[in-house]
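# Observations on chain architecture
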Amino acid sequence: MATKELKKSIYRILSDLTKFDRSISIHELDNIDAITRLYGITSTDKQESYSVTLATAAEYISRQKESVRKKVIDSMENCALKDGECSRDEAMLISAIEIACESNGRIISLPL
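Conventions and cut-offs
- Residues numbered from 1 in each chain as written.
- Predicted model: local features only at pLDDT ≥ 70, side-chain atom pairs only at ≥ 80, totals over all residues.
- Heavy atoms only, no water.
- Helix = DSSP H or I, 4+ residues; strand = E, 2+ residues; numbered from the N terminus.
- Buried < 20%, exposed > 50% of the residue type's maximum accessible area, 1.4 Å probe, protein only.
- Contact = heavy atoms within 4.5 Å.
- Areas by Shrake-Rupley, 256 points an atom, 1.4 Å probe, with all protein chains shown as cover.
- Axes fitted to C-alpha atoms, helices over the stretch in contact; angles between N-to-C directions.
- Parallel < 35°, antiparallel > 145°, perpendicular 65-115°, else oblique.
- Nonpolar A, V, L, I, M, F, W, Y, C, P; charged D, E, K, R; others polar.
- Core = buried A, V, L, I, M, F, W, Y, C linked by side-chain atoms within 4.5 Å.

Looking only at helices and strands, the protein chain has 6 helices and 0 strands in total. Secondary structure elements of the protein chain, listed N to C terminal, follow the sequence α-α-α-α-α-α. Within the protein chain, the fraction of its 112 residues that count as buried is 47%. Taking as baseline every contact in the protein chain between residues at least 6 positions apart, the subset at least 24 positions apart corresponds to 77%. Carbon and sulfur atoms form 51% of the exposed surface of the protein chain, whose accessible area is close to 6,200 Å².

Laid out in structure tokens, this is it:
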């Protein structure tokens, strides 16, 4: 079961990811709904995720077990590809989260 902080972190990252290509398809929305059910993300978690910075969300995810980190990154990749393409900004965000997870590092800024 995902903790409240993990749920907020996942939703923060996924909501940013879906907005990066400036086009949100019905397939992406359906995928976000499936991911929120998978992690048990509530409407309260969604609302509270907007107070979490991207850096904080990435750092929190990077401190999770490897299996959890991989599952989150897989969710991000699936979400980015739901509209049939992965934009440059989406790819950069996914790469930044992967780097943070591999090095237990932090994200200070993304050149988007």
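Following the structure, the description resumes.
The contact between helix α1 (residues 4-20) and helix α2 (residues 26-39) brings their axes to 11 Å, and the two run at 170°. As far as their axial angle goes, α2 and α1 are roughly antiparallel. Listed contacts from α2 to Lys7, Ile10, Tyr11, Leu14 and Thr18 of α1 are Glu28, Ile32, Ile35, Thr36 and Tyr39. Taken together, the residues of the contact of α1 with α2 break down into 6 nonpolar, 2 polar and 2 charged.

Ranked by internal contacts, the top residues of the largest apolar core, which has 27 residues, are Ile10, Ile13, Leu14, Leu17, Met76, Leu93 and Ile97. Counting only elements with at least two residues in this core, the list comes to α1, α2, α4 (54-62), α5 (66-81) and α6 (88-103). When residues of this core are assigned to their parent elements, the largest contribution, 7 residues, is made by α1. Apart from residues lying up to four places away in sequence, methionine 76 is in contact with Ile13, Leu14, Leu17, Leu93, Ile94 and Ile97.

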